[in-house]
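Fold and geometry: a report
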Amino acid sequence: MCKMNVVVNKLVLGNRELGWECWNGKEVMEYTSKQLKDIINAGKQKICGLRIGESGDLELDREGFFTTNMMVHSHIGSWKSMTEEGMANLLYVCIGSREESGKVVYDCISSRFEQAVITESDMRAYLKIGIVSGGAKLDGEKIVVASTELEAVKEVEVAVADKKEPEKKPEPTKVVKAEPDKKETEKRSK
């Protein structure tokens, strides 16, 4: 399984962006925008919730991870919604679903990093009023959960003619321990 990071909050100081708070399934990690862009471009890990837009800046991933909103953490205990229409002071991001006791439940992480299990009826209501800001969406009455897995990258085979032979490295020189000169040893002992 590849590593995934779910972007939960944006960190700012005044009007200056500091970075992003991400949940990797075990702990909270903080990244700058440059670090997230590098991770996205490398393709080794999935960054859920953000994507690189046409201008080259990070933006909400509305199609891939269904991110509609995010909390902005601007000071100790100071939280506000990234979009103006968001009125909640706590948002949830869905990170998966599973069956528990014969019913579907949804695993979520809150903007304050509370791990929560939400029932299907509550999830439907939270999606309708905008408390779940990403990871799931309503398609009619059906709840669609976004994948947190990295899609397999198709490898393109290089034609045999284009392949280069690996360079041969010269063998390392052997180190021979020098023996002390007998005349020098006799002079020192005198």
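As the structure is a computational prediction, the values presented were derived from the model and not from experiment.

**Regarding the overall build of the protein**
- When its secondary structure is counted, the protein shows three helices and 14 strands.
- Put simply, the protein has 190 residues, and 34% of those count as buried.
- Within the protein, counting contacts between residues at least 6 apart in sequence, those at least 24 apart form 39% of the total.
- For the protein, the accessible area works out to roughly 13,800 Å², and carbon and sulfur atoms hold 51% of it.

**Describing the packing of aromatic side chains**
- Applying the stated criterion across every chain yields a total of one aromatic pair.
- Ring centres 6.2 Å apart and planes at 5° place the aromatic pair Tyr92 and Tyr126 in the stacked group. Within this pair, whereas Tyr92 is found in strand E9 (residues 92–100), its partner Tyr126 is found in helix H2 (residues 120–129), the two being separated by 34 residues in sequence.
- Owing to a relative accessible area of 27%, Tyr126 belongs among the partly exposed residues under this scheme.

**Structural notes on the state of the cysteines**
- Considering all chains together, one arrives at zero disulfides under this definition.
- Looking at the unpaired Cys22, the closest cysteine sulfur is the one in Cys48, lying at 9.4 Å.
- On the basis of relative accessibility, which here comes to 0%, the residue Cys22 falls in the buried class.
- No disulfide involves Cys108; its sulfur sits 4.5 Å from that of Cys94, the nearest cysteine.

**Quick word on the pattern of salt bridges**
- A full pass over the atoms with the stated rule returns nine salt bridges.
- A salt bridge links Glu59 to Arg51, with the nearest nitrogen and oxygen atoms 2.6 Å apart.
- For Glu59, a relative accessible area of 29% gives the class partly exposed.
- Relative accessible area serves as the criterion here: at 31%, Arg51 is assigned to the partly exposed category.
- Glu63 is the salt-bridge partner of Arg51, the closest N and O atoms lying 3.8 Å from each other.

**What about the environment of Ile109?**
- The topology assignment puts Ile109 in strand E10 (residues 103–110).
- Given the relative accessible area of 0%, Ile109 is considered buried.
- In this view, Ile109 contacts Val8, Trp23, Leu91, Tyr92, Val93, Ile95, Glu114 and Gln115; residues no more than four positions away in its chain are not counted.

**Focus on the environment of Gly135**
- Within the secondary structure, Gly135 sits in the loop between strand E12 (132–134) and strand E13 (136–139).
- The buried category is assigned to Gly135, whose relative accessible area is 0%.
- In this structure, the C-alpha to C-alpha distance between Gly135 and Phe66, residues 69 residues apart in sequence, is 5.7 Å.

**What to know about the sheet that holds strand E11 (residues 115–119)**
- Strand order in this open sheet of four strands is E11-E10-E9-E12, and the pairing throughout is mixed. Both outer strands of the open sheet, E11 and E12, are each paired with one neighbouring strand and no more. Strand-to-strand twist of the sheet, defined as the mean angle between neighbouring strand axes without regard to direction, takes the value 45°.
- Where E9 and E10 come together, eight bridges link them in antiparallel fashion. Counted as the bridge partner of Glu99 is Val104 from E10.
- Sitting on the sheet, H2 is in contact with E9, E10, E11 and E12, with an inclination near 100° to E11.

**Thoughts on the environment of Met29**
- Here Met29 shows up in strand E3 (residues 28–31).
- Expressed as a C-alpha distance, the spacing of Met29 and Asn5, which sit 24 residues apart in the sequence, is 8.4 Å.
- Look past the residues within four positions of Met29 in its chain and what remains in contact with it is Trp20, Glu21, Cys22 and Asn24.

**Observations regarding helix H1 (residues 33–42)**
- What H1 keeps buried is the set Ser33, Leu36 and Ile39. In an axial view of H1, the angular spread of the buried residues amounts to 125°, which keeps them on one side of the axis. Away from the buried face of H1 by more than 90 degrees, exposed residues Lys34, Asn41 and Ala42 are located.
- Against strand E1 (4–13), strand E2 (16–23), E3, strand E4 (46–48), strand E5 (50–52) and strand E6 (58–60) lie the buried residues of H1.
- Once H1 finishes, Gly43 follows within two positions and takes phi at roughly 75°, a positive value.

Reading the values: the criteria
Numbers given for residues are sequential positions, taken from 1 along each chain in its written order. Owing to the predicted nature of the model, reporting of local features is limited to residues with pLDDT of at least 70; listing and counting of side-chain atom pairs is limited to 80 or more, with chain, interface and lining totals taken over all residues. Side-chain calculation: all heavy atoms of the structure are included, whereas hydrogens and water are not. Only runs of H or I of at least four residues qualify as helices and only runs of E of at least two qualify as strands under DSSP, and these elements are numbered from the N terminus. Whether a residue is buried, partly exposed or exposed follows from its accessible area with a 1.4 Å probe, protein chains only, as a fraction of its type maximum: under 20%, in between, or over 50%, in that order. In what follows, residue pairs with any heavy atoms lying within 4.5 Å of each other are defined as contacts. Here the accessible surface of atoms and residues is derived via Shrake-Rupley with a 1.4 Å probe, and residues count as covered only by protein chains that are part of the display. Note on aromatic pairs: the rings of Phe, Tyr and Trp (six-membered ring only in Trp) are paired at centre separations within 6.5 Å, and the planes decide the class, stacked below 30 degrees, edge-to-face beyond 60, tilted for the rest. The disulfide criterion is simple: two cysteine sulfur atoms within 2.5 Å. Only one rule defines a salt bridge in this text: a Lys or Arg side-chain nitrogen within 4 Å of an Asp or Glu carboxyl oxygen. Being paired, for any two strands, means DSSP has found at least two bridges between them. To get an axis, fit a line to the C-alpha atoms, keeping to the stretch in contact for a helix; angles then go from 0 to 180 degrees between the N-to-C directions. By arc we mean the arc of the directions from the helix axis to the C-beta atoms, nothing more.

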